[in-house]
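Here's the letter readout for the chains.
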Amino acid sequence: MKAKIIGVGSCVPSRVVTNNDLAKSVDTSDEWIKTRTGICERRISDEDTSTSDLALGACKKALAAAKFPAENLDLIVVGTTSPDTLFPSVSCILQYKLGATKAAAFDVSAACSGFNFALTIGSSFIENKTYKNVLVVGADTLTKYLDWTDRGTCVLFGDGAGAVVLTASENEAGILASWLKAEGSLGYHLIMPGGGSRDPEQKHGRFIRMDGKEVFKFAVRALEESIVGSLKLANLKIEDVDLFIPHQANIRIVNYTIKKMGLSKEKVYVNLHKYGNTSAASIPLALDEALADGKIKKGDIIVLSGFGAGLTCGANVIKWGG
Ligand code: UT7
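Predicted model, so just to flag it, every value in this text is computed and none were measured. (Residues numbered from 1 in each chain as written. Predicted model: local features only at pLDDT ≥ 70, side-chain atom pairs only at ≥ 80, totals over all residues. Heavy atoms only, no water.)

1. Regarding the side chain of Thr 143
Then step 1. For Thr 143, the position within the fold is in the loop between strand E6 (133-140) and helix H6 (151-154).
Then step 2. Given a relative accessible area of 5%, Thr 143 falls into the buried group.
Then step 3. At 2.7 Å, the side chain of Thr 143 forms a polar contact with the side chain of Asp 159.
Then step 4. Not counting the four nearest positions on each side in its chain, Thr 143 is found in contact with Arg 43, Ile 44, Ser 45, Trp 148, Phe 157, Gly 158 and Asp 159. (Helix = DSSP H or I, 4+ residues; strand = E, 2+ residues; numbered from the N terminus. Buried < 20%, exposed > 50% of the residue type's maximum accessible area, 1.4 Å probe, protein only. Polar contact = N/O pair within 3.5 Å; in protein donor to acceptor, adjacent residues only side chain to side chain. Contact = heavy atoms within 4.5 Å.)

2. Quick look at the site of the ligand
Then step 1. Lining the immediate environment of the ligand, one finds 22 residues, of which Thr 28, Arg 36, Lys 213, Asn 250 and Arg 252 sit closest.
Then step 2. Thr 28 places a side-chain nitrogen or oxygen 2.7 Å from a nitrogen atom of the ligand.
Then step 3. Within the side chain of His 247, one N or O atom sits 3.0 Å away from an oxygen atom of the ligand.
Then step 4. Across the complex, the protein chains shield 73% of the 950 Å² of accessible surface that the ligand would expose by itself.
Then step 5. Mapped by element, the contributors of at least two residues to the shell around the ligand are helix H2 (30-37), H6, helix H7 (212-234) and helix H8 (251-261).
Then step 6. It is H7 that provides the largest number of residues to the shell around the ligand, a total of four residues.
Then step 7. Each residue belonging to the shell around the ligand can be placed in one class, and the counts come to ten nonpolar, seven polar and five charged.
Then step 8. Counting only domains with at least three residues in the shell around the ligand, you end up with domain 1 (2-172) and domain 2 (175-319). (Near = heavy atom within 4 Å. Areas by Shrake-Rupley, 256 points an atom, 1.4 Å probe, with all protein chains shown as cover. Nonpolar A, V, L, I, M, F, W, Y, C, P; charged D, E, K, R; others polar. Domains from an automatic or database assignment.)

3. Some details on the domain arrangement of the chain
Then step 1. Here the domain parsing of the chain yields domain 1 (2-172) and domain 2 (175-319).
Then step 2. Distance between the C-alpha centres of domain 1 and domain 2: 14 Å.
Then step 3. Each side of the interface is counted separately: domain 1 has 53 residues, and domain 2 has 46 residues.
Then step 4. Summed over both sides, the interface between domain 1 and domain 2 buries roughly 3,800 Å², with carbon and sulfur atoms accounting for 61% of that surface.
Then step 5. Together, Cys 112, Asn 116 and Tyr 145 form the three largest contributors to the area buried by domain 1 at its contact with domain 2, with a combined 15%.
Then step 6. At the junction of domain 1 with domain 2, the criterion picks out three salt bridges.
Then step 7. Note that Glu 172 is salt-bridged to Lys 319, the shortest N-O span being 3.9 Å.
Then step 8. Put simply, domain 1 and domain 2 have 22 residue pairs in polar contact (both at pLDDT 80 or more) between them.
Then step 9. Mapped onto the side of domain 1 that touches domain 2, the elements with two or more residues apiece are strand E1 (2-11), H2, strand E3 (41-43), helix H5 (114-127), E6, H6 and strand E7 (160-169).
Then step 10. The biggest single contributor to the side of domain 1 that touches domain 2 is H5, with eight residues. (Buried area = accessible area lost by both parts, 1.4 Å probe. Salt bridge = Lys/Arg side-chain N within 4 Å of Asp/Glu carboxyl O.)

4. Looking at the UniProt feature "active site" (unreviewed entry) in the chain
Then step 1. Cross-referencing UniProt, the feature "active site" (unreviewed entry) maps to Cys 112, His 247 and Asn 277 in the present numbering. Spanning 166 residues, the annotated positions come together in the fold, the maximum distance between their C-alpha atoms being 8.5 Å.
Then step 2. Note that Cys 112 resides in the loop between strand E5 (104-108) and H5.
Then step 3. Of the residues examined, Cys 112 reaches a relative accessible area of 8% and is grouped as buried.
Then step 4. In contact with Cys 112, not counting residues within four places along its chain, are His 247, Asn 277, Ser 279, Ala 280, Phe 307, Gly 308 and Ala 309.
Then step 5. Its place among the elements puts Asn 277 in the loop between helix H9 (272-275) and helix H10 (282-292).
Then step 6. On the basis of relative accessible area, Asn 277 is assigned to the buried category, the value being 7%. (UniProt positions renumbered as here; feature names shortened; annotations may be inferred.)

Next up, the structure:
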């Protein structure tokens, strides 16, 4: 039994903020951001829009693309580290708003790797025959947790959500392999110190703190390790892959991986110039755009690979369609 993706959807806020817009209020420039990250603009949600609002938009589109009624869902899994509230979870809000009355629902906290973790969990429930139909979501609004005076972080992130509908399938298409990893000893390099039980009053701040260089080093190692690890589990080689969709954080991380692993640039999908790093949303958002761009056809082998706070990383190998 495999878990097959039968619908994909995404949602981003309408407000576009360019590098030049940011340069008006922080000591940076369009040139620095473009050269060091590849990002040109990002979407930023307004005060009244929360993570579940973007997630709901993405889920409705994914369910419509799959022509699948929400009331038939068995499970909703959301990868997010910017939930509307500590509880209830984003997945429970979605369960109610979608009318997915039969579905169990929970969130997974793996930051930018959240979608890979959620997809692995969702597909495992199908493979072990616990559930047949699962909605998997990656959604974050990290711009709400940015220190707009810290140029090392505030230029990097954007908001968004992406979702896929999984169903049980006995043919050859579906999730072929999943590979996940955590290196908790490195967690202090990327941290949201305030707001948790260690600091509920946020005395240590409510903003993301990051050692960019250390995360960069981990990222290039993690992308390679997760791609190699997941392909080994799927019994496939790099040459068998038709499209790589890496976490969209920094074009230099992507290019470094392309060079180191000898990947073909044409086989690597990138849309980070338009959205920046949308955390758990980045991979399903790129998957949705790659499909719309006609980059994916039936039978293609696709590798989704991500990394993020924790530190965590993971990859999923998919045989498309069928
Ligand atoms: O999903 C995981 C999320 N995190 C990541 O993926 C982050 C991974 N790391 C990175 O992407 C990069 O490390 C950054 C983009 C964050 C930074 O790039 P870098 O090449 O590592 O720059 P740096 O931190 O070494 O800074 C170089 C210089 C510094 O100035 P001095 O000390 O050389 O005078 C920084 O202060 O660039 C300066 N700088 C900036 N200048 C203009 C840092 N940020 C900016 C900025 N605009 N936004």
